[in-house]
Amino acid sequence: MTFSLPCPTLALLTLCAALAGCTGAGGPTTAEKPAGQATQAPVPIVAPPANSLAGEWLKSPPGAEAKGCFTEERRPAIVETVTEHVLVEPEERDPKTGAVTSPASYRTTTQARIVSGGGRMWFASVCAADMTTARIAVLQRALWVRGLYAGPLDGQMSPATREAIRRYQTQRGLLSAELSLRAAREMGVVSWLATP
């Protein structure tokens, strides 16, 4: 019995066989290395840092020469909560045995301290005129795929859509429900080649 494979299938099988030969038993082993040659430690693969939108914040308003649209937001203050235990009465001990006769008593105080104050910040955003129904629907699909949006894919900038935008951007350091230009580009809503 004879059969023939289609050309793409045959080419794929040939490629797989060739690749298998590259990593098979034909490679050198440590016993085959010349004497006196040091064994190199494997190089660890370091993952790149997670993408962050925190760098999108501008500390001053964009000038008149800046192209595109910008959104102004209030940057929240960073507050640190400090809990302290303050000694009210020290413990009392029996002078002969050293046993504790009365335990110490403490008062717990909690204070909130502002580490850094809030302020006004700006970031490049998608212009309102560019947010067409079709573009909002693409945005909703992109947020839905990421598990951040569960509403209808209707192309309307609903409160649920804005909340999904906020969740996407907040987990990456940009605290806003307004869609930043970079986030829109990363989700495929706006082309990377388009100038603001």
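Residues numbered from 1 in each chain as written. Predicted model: local features only at pLDDT ≥ 70, side-chain atom pairs only at ≥ 80, totals over all residues. Heavy atoms only, no water.

### Notes on the overall build of the chain
Helix and strand content of the chain: 4 helices and 6 strands. Its helices and strands in sequence order give the chain the pattern α-β-β-β-β-β-β-α-α-α, from N to C terminus. Residues counted as buried form 20% of the 196 residues belonging to the chain. Put simply, of all contacts in the chain between residues at least 6 apart along the chain, 55% involve residues at least 24 apart. Here the chain has roughly 14200 Å² of accessible surface; of this, 59% comes from carbon and sulfur atoms. (Helix = DSSP H or I, 4+ residues; strand = E, 2+ residues; numbered from the N terminus. Buried < 20%, exposed > 50% of the residue type's maximum accessible area, 1.4 Å probe, protein only. Contact = heavy atoms within 4.5 Å. Areas by Shrake-Rupley, 256 points an atom, 1.4 Å probe, with all protein chains shown as cover.)

### What to know about the side chain of Ser180
Checked against the element boundaries, Ser180 lands in the loop between helix H3 (159–170) and helix H4 (181–186). What makes Ser180 buried here is its relative accessible area of 0%. If sequence neighbours within four positions are ignored, Ser180 has contacts with Leu53, Phe123, Ala124, Ser125, Val126, Gln169 and Leu174.

### Some thoughts on the nonpolar core
The biggest cluster of nonpolar side chains holds 23 residues, and the ones touching the most others in it are Val126, Leu139, Leu143, Leu179 and Met187. Elements represented by at least two residues in this core include exactly strand S6 (119–125), helix H2 (133–145), H3 and H4. No other element matches H2, which puts 4 residues into this core. (Core = buried A, V, L, I, M, F, W, Y, C linked by side-chain atoms within 4.5 Å.)

### Quick look at the state of the cysteines
In total, this model carries 1 disulfide according to the counting rule given. For Cys69, the disulfide goes to Cys127, at an S-S distance of 1.9 Å. As the torsion about the S-S bond is roughly 105 degrees, the Cys69-Cys127 disulfide counts as right-handed. Of this pair, Cys69 sits in strand S1 (residues 69–75) while Cys127 sits in the loop between S6 and H2, and the two are 58 residues apart along the sequence. Look at Cys127 and you get buried, because its relative accessible area is 18%. (Disulfide = S-S within 2.5 Å.)

### Looking at the packing of H2 against H3
Between H2 and H3, the least distance of the axes is 10 Å, while the angle of their chain directions is 55 degrees. Judged on the interaxial angle alone, H3 and H2 are oblique. Note that H2 runs across H3; the crossing there is left-handed. On the side of H2, the interface is formed by Leu139, Gln140 and Leu143, while H3 contributes Thr161, Ala164, Ile165 and Tyr168. When its residues are assigned to classes, the contact of H2 with H3 shows 5 nonpolar, 2 polar and no charged. (Axes fitted to C-alpha atoms, helices over the stretch in contact; angles between N-to-C directions. Parallel < 35°, antiparallel > 145°, perpendicular 65-115°, else oblique. Left-handed = near helix turned anticlockwise from the far one by under 90°. Nonpolar A, V, L, I, M, F, W, Y, C, P; charged D, E, K, R; others polar.)

### What to know about the environment of Gly147
Its place among the elements puts Gly147 in the loop between H2 and H3. Overall, Gly147 belongs to the exposed group, its relative accessible area being 61%.

### A few points about the pattern of salt bridges
Applying the stated criterion to the full structure yields 6 salt bridges. For Arg93, the salt bridge goes to Glu91, with nearest N and O atoms at 2.9 Å. For Arg93, a relative accessible area of 48% translates into the label partly exposed. Arg167 serves as the salt-bridge partner of Glu163, at 3.9 Å between the closest nitrogen and oxygen. Of this pair, Glu163 and Arg167 both sit in helix H3, 4 residues apart, roughly one helical turn. By relative accessible area, which is 36% here, Glu163 ends up partly exposed. Within the structure, one salt-bridge network assembled from shared partners comprises Arg172, Arg182 and Glu186. (Salt bridge = Lys/Arg side-chain N within 4 Å of Asp/Glu carboxyl O.)

### So, the environment of Arg93
Within the secondary structure layout, Arg93 lies in strand S3 (residues 92–93). Sequence separation between Arg93 and Pro103 is 10 residues, and the spatial gap between their C-alpha atoms is 8.6 Å. The contacts of Arg93, once residues within four sequence positions are left out, are Gly98, Ala99, Val100 and Thr101. A distance of 2.9 Å separates polar atoms of two side chains, one belonging to Arg93 and the other to Glu91. A polar contact is formed between the side chain of Arg93 and the backbone oxygen of Gly98, at a distance of 2.6 Å. (Polar contact = N/O pair within 3.5 Å; in protein donor to acceptor, adjacent residues only side chain to side chain.)

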